[in-house]
Amino acid sequence: MATESTTPLRVRPRIWIGLVIYLAYVAVVFTVQQATGIPYTSLGDSGRDLFLGAGLSLIVGAVLLAITTSLLGWWRPALFERTRAAHRWPIIAPVLMAVALGVNLASTDWASYDGAFFAASIVLLLVGFTEELTTRGLLLVGLRSRLSEVWVWLLTSALFGLMHLINALSGQPFAPTLQQVFLAFGAGTIFYVLRRVTGSLIWAMVLHGFWDFSTFAVGHGAAGPLAGLGPVLEIVAVVVALVGVAFVIRGADERTATP
């Protein structure tokens, strides 16, 4: 069980601070990606395009988020719960997502990778750190300053989903982008459940990073015959998470400041 630090936070959590950090992260990622001139639909063309079109923005975002979190003094509440959820069975949802991740990796055409492309792909693992720290880390800390936990889950998951709308502005057609937004809401719920059950955001960061890596990997080259099983398991995991989230919220009192 994670314990709350007795050291006062440098900056008292506020909802507006969490929202500003969220909007700033989205703006930074979008600006860096636009500056490189690599459209979203071309990320898989080469290691160079993948690094400039996605990896570079993640590196910049990770550095800025680490600085921001340190200045605020929010590392502990961003990464750890005071009390883990009493109900542990919802861990089934992230376990199913991990199985789907394994299926994706097993179905990947690794022969289609060259050294540069693989190196650029590894950088994609940073998405677990940046997007989790932004939404289910710093935004969550800000929201917990005044809102009940059900709103914390709903808003962090919804804003995580909406974050993916920038892909439409980067060249991805709107229909698949909208589908991505809804799936991201479900994935965000899975990551929230994992945080509450384990008491730490770190496991969600790891699962998130490898999940995005696996979904990108399986789409590169010629996918194996089991590739279609991954998305099915993802949907099942989302359904389980949407049922289980009520149980991990029950009795939660993780507010970071008194109103």
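Treat the numbers as computed from the prediction; the structure is a model and nothing was measured.

**Q** Explain the overall build of the protein chain residue by residue, including any values.
**A** Along the protein chain, the regular secondary structure elements total 11 helices and 0 strands. Expected size for 259 residues packed as a compact globule is a radius of gyration near 18 Å; at 18 Å, the protein chain falls within 12% of this value. Here the C-alpha coordinates of the protein chain stretch approximately 55 × 40 × 30 Å along the principal axes. A burial count over the protein chain gives 48% of its 259 residues as buried. Long-range pairs, those at least 24 residues apart, make up 85% of the contacts in the protein chain between residues at least 6 apart in sequence. Accessible surface for the protein chain amounts to roughly 11,400 Å². Of this, 71% is attributable to carbon and sulfur atoms. Side chains of the protein chain give 15 positive and 13 negative charges; the mean places of these two sets differ by 16 Å.

**Q** Tell me about the packing of helix α1 (residues 15-36) against helix α6 (residues 126-143), and please be specific about residues and values.
**A** At a minimum axis distance of 6 Å, the contact between α1 and α6 shows a crossing angle of 160°. The angle between α1 and α6 places the two elements in the roughly antiparallel class. Judged by the sense of rotation from one axis to the other, the crossing of α1 with α6 is left-handed. Here α1 contributes Ile15, Gly18, Leu19, Ile21, Tyr22 and Tyr25 to the contact with α6, which in turn contributes Thr130, Glu131, Thr134, Thr135, Leu138, Leu139, Gly142 and Leu143. Considering only residue class, the contact of α1 with α6 consists of 8 nonpolar, 5 polar and 1 charged.

**Q** Break down the confidence of the model for the protein chain for me, citing the residues and quoting the values.
**A** Mean pLDDT over the protein chain works out to 93, with 96% of the residues at or above the 70 mark. Within the model, pLDDT remains below 50 along residues 1-6, and this stretch shows 13 contacts once partners closer than five positions in the same chain are excluded.

**Q** Could you give an account of the side chain of Glu132, with specific residues and numbers?
**A** Inspection of the secondary structure assignment puts Glu132 in helix α6. Only 2.7 Å separates the side chain of Glu132 from the side chain of Arg136, close enough to count as a polar contact. Polar contacts involving the side chain of Glu132 include one to the side chain of His208, which spans 2.7 Å.

About the cut-offs
- In this convention, every chain numbers its residues from 1, walking through the sequence in written order.
- In view of the model being predicted, local features appear only for residues whose pLDDT reaches at least 70, and side-chain atom pairs are presented and counted only at 80 or more, with totals across whole chains, interfaces and linings using the full set of residues.
- Computation of side-chain values covers all heavy atoms of the structure but excludes hydrogens and water.
- We count a stretch as a helix when DSSP gives it H or I for four or more residues in a row; a strand needs E for two or more, and each element gets its number in order from the N terminus.
- This radius of gyration counts C-alpha atoms alone. The globule rule is 2.2 Å times how many residues there are, raised to the power 0.38.
- Relative accessible area decides the class of each residue, using a 1.4 Å probe on protein chains only: under 20% of the type maximum gives buried, over 50% gives exposed, and in between gives partly exposed.
- Throughout, a contact is declared for two residues whenever any of their heavy atoms are within 4.5 Å.
- Here the Shrake-Rupley method, with its probe set to 1.4 Å, supplies the accessible areas, and only the displayed protein chains count as covering residues.
- In this tally, Asp and Glu contribute negative charge and Lys and Arg positive charge; neither His nor the terminal groups of the chain are included.
- Just so you know, the charge point we use is NZ for Lys, CZ for Arg, CG for Asp and CD for Glu.
- To obtain an axis, a line is fitted to C-alpha atoms, over the contacting stretch when the element is a helix, and the angle between two such axes runs from 0 to 180 degrees between their N-to-C directions.
- Each angle is binned into one of four classes, with values under 35 degrees roughly parallel, values over 145 roughly antiparallel, values of 65 to 115 roughly perpendicular, and all other values oblique.
- We call a crossing left-handed when the near helix sits turned anticlockwise from the far one by less than a right angle, and right-handed when that turn is clockwise.
- Classification used: nonpolar for Ala, Val, Leu, Ile, Met, Phe, Trp, Tyr, Cys and Pro, charged for Asp, Glu, Lys and Arg, polar for all others including Gly.
- Summary of the metric used: pLDDT quantifies the predictor's per-residue confidence within the range 0 to 100.
- Two N or O atoms form a polar contact when they lie within 3.5 Å of each other; inside protein one atom must be a possible hydrogen donor and the other a possible acceptor, and for residues adjacent in sequence the pair counts only when both atoms belong to side chains.

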